[in-house]
Amino acid sequence: MTSQSPTPSALAFVPFVSVANMMRLVNANGVETVMRDLAAYIEQDFRRWPEFDKTPRVASHSQEGVIELMPTADAENYGFKYVNGHPKNGRTGHQTVTAFGVLSSVATGYPLLLSEMTVLTALRTAATSALVGKYLAPKGAQVMAMIGNGAQCEFQALAFRAICGINRLRLYDIDPAATAKAMRNLSAQGFDVTPCTSGAQAVEGAQVITTCTADKQCATILSDNMVGSGVHINAIGGDCPGKTELHRDILTRADIFVEYPEQTRIEGEIQQLDADHPVTELWQVMRGEAEGRRDAKQITLFDSVGFAIEDFSALRYIHDQIAGSNFYQPLDLLADPDDTRDLFGMLTRAA
Ligand SMILES: NC(=O)c1ccc[n+]([C@@H]2O[C@H](COP(=O)([O-])OP(=O)(O)OC[C@H]3O[C@@H](n4cnc5c(N)ncnc54)[C@H](O)[C@@H]3O)[C@@H](O)[C@H]2O)c1
């Protein structure tokens, strides 16, 4: 900032992607194109997994929910996401999950992007699920059961169509209004959708089962008898200590695939198992160093909790997308005095 003018200099500004601009960007590209592009960024980063600084996310739990910080970095960029999970929030008109995040330059520590991440989290979670589905779903899968028809539901469906070619859906939610909402949205997107009155009915004839419910307890959304041989389970909603969706017996029959074992053992379905229960890391499958689906009878389980590298990839994608576009606003976020040591002088001159 100059001493004469209160106008911030170029270094003060950080590109900010608001919810409105995120929606413009996604609608301009098309949701399914965004899903495919995001999945490609995520896959690229999973394939260079050892290059990242990694830590289980930092979670602050309360009676009602959790607030989490999810940091990671490679040699060039640092990223973090702030995200909450409050299953009862819908009752007061609040979202269960909201988020925002930052991508920074490792060289200067300066933020390169501040972005809304509520919409972006739904996109990246779905893109990750479908990317994993590409490796684990049985060949020729056509039908997906979706149990839990809340905010994430349509995103999951669109990602599985864009990446795995699945167009037939069987929906179930304990709240029929949620299923009716998803029916409307997904029929309008050209899906062949069947509403179901129970989870057991939803899984009939499905080769992929997505569980995406929100409840702060160890729930049994899927019991052992509901899971036949050969299916792929995409388990999204068990992502906190004491918050799971699958009966333990399913876990002992399935081959389990995870993002980052150190985090998943705390938060995922596998918190129900011994700490040394074998799991396969997805980055190794994507690098061809570990086996994905072996045969048509195997039950595969993606024990999804959401890992920081997926958010890093999503921020990297958005940062690339907004270059030269009007999908962002410059935000006056960083103090930039003429003399870097005269921060106080800048403050007093502004009085
Ligand atoms: N793994 C990840 O990366 C990731 C990312 C985002 C969200 N999540 C989790 O996904 C879940 C869904 O998130 P959301 O934003 O869609 O939440 P939401 O509150 O919008 O929707 C959840 C839905 O689940 C339904 N439900 C609750 N209990 C049920 C039951 N027993 N049977 C059937 N349906 C039931 C609710 O009625 C609601 O419609 C949450 O638990 C959230 O924490 C995980």
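Values in this document were obtained by computation on a predicted structure and should not be read as measured data.

About the cut-offs
- Numbers given to residues run from 1 along each chain, matching the order in which its sequence is written.
- In keeping with the predicted nature of the model, local features appear solely for residues at pLDDT of at least 70, side-chain atom pairs appear and are counted solely at 80 or more, and the whole-chain, interface and lining totals rest on all residues.
- Segment limits for the domains were obtained from an automatic or database-derived domain assignment.
- The contact criterion used is a C-beta to C-beta distance within 7 Å, with each C-beta placed from the backbone.
- Only DSSP runs of H or I covering at least 4 residues are called helices, and only runs of E covering at least 2 are called strands; the numbering of each starts at the N terminus.
- Amino acid classes used here: Ala, Val, Leu, Ile, Met, Phe, Trp, Tyr, Cys and Pro are nonpolar; Asp, Glu, Lys and Arg are charged; the rest, including Gly, are polar.
- With C-beta atoms placed from the backbone, a residue is labelled by how many other C-beta atoms lie within 10 Å of its own: buried for 20 or more, exposed for 12 or fewer, partly exposed between the two.
- To obtain each axis, a line is fitted to C-alpha atoms, and for helices this fit is confined to the stretch in contact; angles are then taken between N-to-C directions over 0 to 180 degrees.
- Any angle that falls under 35 degrees is termed roughly parallel, while one over 145 is termed roughly antiparallel, one within 65 to 115 roughly perpendicular, and all others oblique.
- Two helices that cross are described as forming a left-handed crossing if the nearer one is turned anticlockwise from the farther one by less than a right angle, and a right-handed crossing if clockwise.
- The criterion for a residue being near a molecule or strand is simple: its C-beta atom, placed using the backbone, must lie within 6 Å of it.
- Strands were regarded as paired on the criterion that DSSP finds at least two bridges between them.
- Seen with its strands pointing away from the viewer, a crossover is right-handed when the path leading from the first strand over the helix to the second is clockwise.

## So, the domain arrangement of the chain
Then, in step 1: Each domain of the chain was delimited in the assignment, giving domain 1 (10-119 + 309-342) and domain 2 (125-306).
Then, in step 2: One C-alpha centre belongs to domain 1, the other to domain 2, and the line joining them spans 25 Å.
Then, in step 3: Between domain 1 and domain 2, the contact holds 22 residues from the first and 25 residues from the second.
Then, in step 4: Among the elements that make up the side of domain 1 that touches domain 2, the one with the highest residue count is helix α2 (residues 31-46) (nine residues).
Then, in step 5: For the side of domain 1 that touches domain 2, the per-class residue count stands at 11 nonpolar, four polar and seven charged.

## Notes on the environment of Gly-165
Then, in step 1: For Gly-165, the position within the fold is in the loop between α4 (153-164) and β8 (168-172).
Then, in step 2: Residue classification places Gly-165 among the partly exposed residues on the basis of 13 C-beta atoms within 10 Å.
Then, in step 3: Placed 32 residues apart in sequence, Gly-165 and Thr-197 show a C-alpha to C-alpha distance of 25 Å.

## Regarding the packing of helix α3 (residues 118-136) against α4
Then, in step 1: Relative orientation of the contacting elements α3 and α4 amounts to 40°, with a least axis distance of 8 Å. As the angle between them shows, α3 and α4 are arranged oblique. As for the relative orientation of α3 and α4, their crossing is right-handed in sense. Across the interface between the two elements, Ala-122, Leu-123, Ala-126, Ala-127, Ser-129, Ala-130, Leu-131, Gly-133 and Lys-134 of α3 pack against Phe-155, Gln-156, Leu-158, Ala-159, Phe-160, Ala-162, Ile-163 and Cys-164 of α4.

## Some thoughts on the site of the ligand
Then, in step 1: Surrounding the ligand, one finds 28 residues, the nearest of these being Thr-96, Gly-150, Ala-151, Ala-178 and Gly-306.
Then, in step 2: Listed by contribution, the elements that provide at least two residues to the shell around the ligand are α3 and β11 (218-222).
Then, in step 3: Both domains that furnish three or more residues to the shell around the ligand are identified here as domain 1 (10-119 + 309-342) and domain 2 (125-306).

## Examining the pairing of strand β3 (residues 66-73)
Then, in step 1: Of the two faces of β3, only one is covered, namely that formed by Val-66, Glu-68, Met-70 and Thr-72; the face formed by Ile-67, Leu-69, Pro-71 and Ala-73 stays uncovered.
Then, in step 2: If you look at the hairpin formed by strand β2 (residues 58-61) and β3, you'll find four residues sitting between the two strands.
Then, in step 3: As judged from the eight bridges shared by β3 and strand β4 (residues 77-85), these two strands associate in the antiparallel manner. Note on β4: the bridge partner recorded for Met-70 is Lys-81.
Then, in step 4: Hairpin remark: β3 followed by β4, antiparallel, with three residues in the connecting loop.

## Re the sheet that holds β2
Then, in step 1: Pairing in this open sheet of seven strands is mixed, and the strands run β2-β3-β4-β5-β6-β1-β17 from one edge to the other. Since the sheet does not close on itself, it has two edges, and those belong to β2 and β17 (329-332), each with one partner. Averaged over all pairs of adjacent strands, the angle between strand axes in this sheet comes to 20°, irrespective of strand direction.
Then, in step 2: Relative to strand β6 (residues 111-116), strand β1 (residues 13-17) runs parallel, the two being bridged by two bridges. Its bridge partner lying in β6, Val-17 is registered against Ser-115.

## Here we look at the pairing of strand β9 (residues 192-195)
Then, in step 1: Two elements, β8 and β9, share four bridges in a ladder whose sense is parallel. Bridge pairing links Arg-170 to Thr-194 in β9.
Then, in step 2: Taken together, β8, helix α5 (residues 176-188) and β9 constitute a β-α-β crossover, and its handedness is right-handed.

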